[in-house]
Amino acid sequence: MDQVTKRPMPTEEGILAFHRRCEDFYPADAVDASIEQQRKWYDALCAEFDAPSPAGLTRMDELVDGRIPTRRYRPAKVSSETRIYYIHGGGFVVGSLDSHDAVCAELADFAQAELVSVDYRLAPEHVWPAAFDDSYAVLQHLLSDGRPVVVAGDSAGGNLTAGIVLKARAERLSGIVGQVLIYPGLGGDLVSGSYADMAEAPGLTTADVSYYRDILKAPMGNPFAAPLAETDLSGLPPSYVTGAFFDPLRDDARLYAARLAMAGVNVTFREEPQMIHAWLRARHMSEGARDGFRRLAEGVAVLVGTR
């Protein structure tokens, strides 16, 4: 807790330095700016935290269904037929193939598996279910050749990951061998638990979450849009769920992981005690984020069968 502002704050200097640098590019009140300005700030932030590409890794940009941009990553060493399908975060408002490029490259390299990321349509130009439909269409495309897929996503991408995995189960679409949810927003109530305790957390506030929901216009009673609304999680694939303690979305991760376990799903849950929302970008400057990313990458590698 910051004794001056009374805001919940971590104490690890690395993550605090990360947060300060983020606010140099993406101010705390960014949601009050125009959508165009938010995207400019976010692109600049992502560029600031870019990282060198792993040696030997190649990229190829492609279109699915002639309209949905994707990027395929192939590391120097591929040890599994299973592919990783990554869906980026950004509140459904910001983000692109470039915003999470370094994260995708490092995950593919560590797991020794091909990875495909998607550039789904963004709100407010395209409200729900545009992003969901794009993400599901790419999943169907990836599964069409019979190769297994692990679906992964952070924040808004974690929401889309959980939602399309639920739809795949409903439509009996086979081939998903794992899901990875990274500080996901899954439709919590905005008023209790971490939404109250971490309402003013650094990096993401409960008011921010409400703003993004209002823009997306997703039906909160629909489990594909709000996976916590699903009452039956049985039959879902093995899962890796990770949350951040200083994050209003923290309890969404906790609750979903617990419900998965209660439904008999093989689930690994990890909560980073000193981390804030979006800590993936801090993996090269925060000890806690570095360790969390390593554990995440190991979890992905287990699901694709290379660990």
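A brief report on the enclosed structure follows. Quick caveat: nothing in here was measured; it's all calculated off a predicted structure. (Residues numbered from 1 in each chain as written. Predicted model: local features only at pLDDT ≥ 70, side-chain atom pairs only at ≥ 80, totals over all residues. Heavy atoms only, no water.)

### Here's the deal with the nonpolar core
- Core analysis: the largest hydrophobic core is formed by 98 residues, its most contacted members being Tyr85, Leu139 and Tyr256.
- Other than its neighbours up to four places away in sequence, Tyr85 contacts Val116, Val118, Asp134, Ser135, Val138, Leu139, Leu142, Val149, Val150, Val151, Ala152 and Ile164. (Core = buried A, V, L, I, M, F, W, Y, C linked by side-chain atoms within 4.5 Å. Buried < 20%, exposed > 50% of the residue type's maximum accessible area, 1.4 Å probe, protein only. Contact = heavy atoms within 4.5 Å.)

### Description of the packing of helix H1 (residues 13-25) against helix H2 (residues 35-48)
- Their axes nearest at 8 Å, the elements H1 and H2 cross at an angle of 140 degrees. Taken as axis vectors, H1 and H2 run oblique relative to one another. For the crossing formed where H1 meets H2, the hand is right-handed. Here Arg21, Cys22 and Phe25 of H1 lie close against H2, whose contacting residues are Trp41, Ala44, Leu45 and Glu48.
- Here the residues of the contact of H1 with H2 are counted per class, giving 5 nonpolar, no polar and 2 charged. (Axes fitted to C-alpha atoms, helices over the stretch in contact; angles between N-to-C directions. Helix = DSSP H or I, 4+ residues; strand = E, 2+ residues; numbered from the N terminus. Parallel < 35°, antiparallel > 145°, perpendicular 65-115°, else oblique. Left-handed = near helix turned anticlockwise from the far one by under 90°. Nonpolar A, V, L, I, M, F, W, Y, C, P; charged D, E, K, R; others polar.)

### Focus on unusual backbone geometry
- Cis geometry marks the peptide bond from Ala123 to Pro124; its omega dihedral reads 5 degrees.
- Each neighbour pair has its own omega, and for Trp128 with Pro129 the value is 15 degrees, a cis peptide bond.
- Tracing the sequence through the fold places Pro129 in the loop between strand S4 (115-118) and helix H4 (130-143).
- Even without glycine at this site, Arg172 takes up a positive phi of about 55 degrees.
- Structurally, Arg172 is set in the loop between helix H5 (156-170) and strand S6 (176-182).

### Describing the environment of Glu287
- Along the chain, Glu287 turns up in helix H9 (residues 287-304).
- Distance from Glu287 to Glu12, taken between C-alpha atoms, is 8.2 Å for residues 275 residues apart in sequence.

### A closer look at the pairing of strand S2 (residues 68-74)
- Counting buried residues in S2 gives 5 out of 7 residues, a clear majority hidden from the surface.
- The sheet contact formed by strand S1 (residues 58-64) and S2 spans 7 bridges and is antiparallel. Within the sheet, the bridge partner assigned to Thr58 lies in S2 and is Arg74.
- Following S1, the chain reverses through 3 residues before pairing antiparallel with S2; Asp65 in that reversal takes a positive phi of roughly 55 degrees.
- Relative to S4, S2 runs antiparallel, the two being bridged by 4 bridges. (Pairing = 2+ DSSP bridges.)

### Concerning the sheet that holds strand S3 (residues 83-87)
- The mixed open sheet is built from 8 strands, whose spatial order is S1-S2-S4-S3-S5-S6-S7-S8. Two strands lie at the open edges of the sheet, namely S1 and strand S8 (267-276), each paired on one side alone. Shown here is a sheet whose adjacent strand axes are inclined to one another by a mean of 20 degrees, direction ignored.

### Describing H5
- Look at H5: 21 Å from first C-alpha to last across 15 residues, which is about the 21 Å you get at 1.5 Å a residue.
- Burial of H5 is extensive: 13 of the 15 residues sit out of reach of the surface.
- Arg172 occupies a position one or two residues after H5 and carries a positive phi of about 55 degrees. (Expected span 1.5 Å × (residues − 1).)

### What about the packing of aromatic side chains?
- For the structure on display, the rule yields 9 aromatic pairs.
- Ring geometry for Tyr26 versus Trp41: centroids 6.5 Å apart, planes at 85 degrees, classification edge-to-face. Of this pair, Tyr26 sits in the loop between H1 and H2 while Trp41 sits in helix H2; the two residues are 15 residues apart in sequence, bridging distant segments of the chain.
- Residue classification places Trp41 among the partly exposed positions, given a relative accessible area of 25%.
- The interplanar angle of 80 degrees and the centroid separation of 5.0 Å between the aromatic rings of Phe245 and Phe246 together place this pair among those described as edge-to-face. (Phe/Tyr/Trp six-rings, centres within 6.5 Å; stacked < 30°, edge-to-face > 60°.)

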